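A structural walkthrough
The primary structure of each chain is shown beneath.
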Amino acid sequence: MSKRALITGITGQDGSYLAELLLDKGYEVFGLVRRSSSVSRSRIDHLTRTPDEEPGKRIHLLYGDMNDGISLNRIVREVEPDEVYNLAGQSHVRVSFEMPEHTADIDAVGTLRLLEAIREARPGARFYQASSSELFGNPDISPQNELTPFRPRSPYAVSKLFAYWMTVNYREAYGTFALNGILFNHESPRRGETFVTRKITLGAARIKLGLQQKLTLGNLDARRDWGYARDYMEAAWLMLQQPEPDDYVVATGESHSVRELLDEAFGYLDLDWQRHVETDVKYLRPSEVNSVLGDSSKAQHILGWKPRTTFQELVRMMVDADITVAKSESEAC
């Protein structure tokens, strides 16, 4: 009998890649989606409308919400999952300063609700919590690994810190197979357009095709450890296949600035980004995280995982995809 997996946040970047990976491995995949007046499921459309020749390549969507413990308990009881991947949340750091209570309710308390549903309804399930390099804030130690002290600098990071320790608490207090994947920044053509990487690649594509002239950003000197989301979801799956639960950093071990990202994206299209990019303080965080760099030695040694996609390959993949998007926009005008 195939394994059953429940994915919260299945309509997001990470959820769509993870769903594809699990379906390819023969899982029966269930996804949690919110009931709303505006439905955006473009990332998983190909997994909900599958040709007849691929009967096993389809996901099952269930209505629920991370702020509704009753719905979470019901879904866990109905699905009886072997693995639960919690990828849901308000994931935009800058927005968390404007919506701190909502961010805490979904990212922090929502994780607690899901853990409690598993404890009550499916105690044998294995639980993956999507943690974040934002836990480290502005660290004194570089690179950061599983032993680096946490110094969260945003409502998002503080909410993720609550979820991190609650996951550890359920592991230690109740014996739940629960763990944290401390994932550094990971991107793809499916990244939301409000995130800086996608703003840059889509902006460059639109400028190349004459659809816009300027791109406005915040801190160009911020440095991040950027990887490919599909690679990182493979690491998430590997974590739940281990004999014992533990927490892992997932990163490339390379740091690049926003300026370097601009160089790569615009240079790939033979553009000079300095002629088109402006900065605006409204895009700065009240408390900035200047630089992070991950050490994934533990994941590489224990999980046998390593990043497969270089920074240049990632940026060019995103630019290529956004050229297609921009061409579609141009044709629609």
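Each value, and the rule that gives it
Residues numbered from 1 in each chain as written. Predicted model: local features only at pLDDT ≥ 70, side-chain atom pairs only at ≥ 80, totals over all residues. Heavy atoms only, no water. Helix = DSSP H or I, 4+ residues; strand = E, 2+ residues; numbered from the N terminus. Rg over C-alpha atoms; globule rule 2.2 N^0.38 Å. Buried < 20%, exposed > 50% of the residue type's maximum accessible area, 1.4 Å probe, protein only. Contact = heavy atoms within 4.5 Å. Areas by Shrake-Rupley, 256 points an atom, 1.4 Å probe, with all protein chains shown as cover. Lys, Arg positive; Asp, Glu negative; His and termini not counted. Charge placed at Lys NZ, Arg CZ, Asp CG, Glu CD. Core = buried A, V, L, I, M, F, W, Y, C linked by side-chain atoms within 4.5 Å. Polar contact = N/O pair within 3.5 Å; in protein donor to acceptor, adjacent residues only side chain to side chain.

Topic: the overall build of the protein
Tallying secondary structure elements over the protein gives 11 helices and 13 strands in all. At 20 Å, the protein has a C-alpha radius of gyration in line with the 20 Å of a compact globule built from 333 residues. With the principal axes as the frame, the protein shows a C-alpha extent of 60 × 55 × 40 Å. Scored against the burial criterion, the 333 residues of the protein give a buried share of 53%. Pairs at least 24 apart in sequence give 79% of the contacts found in the protein among residues at least 6 apart. Summed over its atoms, the accessible surface of the protein is roughly 15,000 Å², and 47% of this surface lies on carbon and sulfur atoms. For the protein, the separation between the mean place of its 40 positive charges and that of its 48 negative charges on side chains is 2 Å.

Description of the nonpolar core
Of all hydrophobic cores here, the largest spans 39 residues; its most connected members are Ile7, Leu22, Val29, Tyr85 and Tyr128. Residue contributions to this core peak at 8 residues, all from helix α8 (residues 229-239). Non-local contacts of Leu22, meaning those with residues more than four positions away in its chain, are made with Ala5, Ile7, Tyr27, Val29, Tyr85 and Trp237. Counting 23 residues, the second largest nonpolar core, distinct from the first, contains Leu215, Ala222, Leu261 and Phe311.

Some words on unusual backbone geometry
Each neighbour pair has its own omega, and for Ser142 with Pro143 the value is 0 degrees, a cis peptide bond. Topologically, Pro143 is positioned in the loop between β5 (126-132) and α6 (155-174). Here Asp270, not a glycine, exhibits a phi torsion of approximately 60 degrees, which is positive. Turning to its location among the elements, Asp270 is positioned in the loop between α9 (258-268) and β13 (277-279). Judged by relative accessible area, which is 69%, Asp270 ranks as exposed.

Quick word on the environment of Pro189
Here Pro189 is to be found in the loop between β7 (186-187) and α7 (196-208). By relative accessible area, Pro189 is classed as partly exposed at 22%. Expressed as a C-alpha distance, the spacing of Pro189 and Leu314, which sit 125 residues apart in the sequence, is 8.8 Å.

Looking at the side chain of Thr8
Relative to the helices and strands, Thr8 is located in strand β1 (residues 4-8). Engagement of the side chain of Thr8 in a polar contact is seen with the backbone nitrogen of Leu87, the distance being 3.0 Å.

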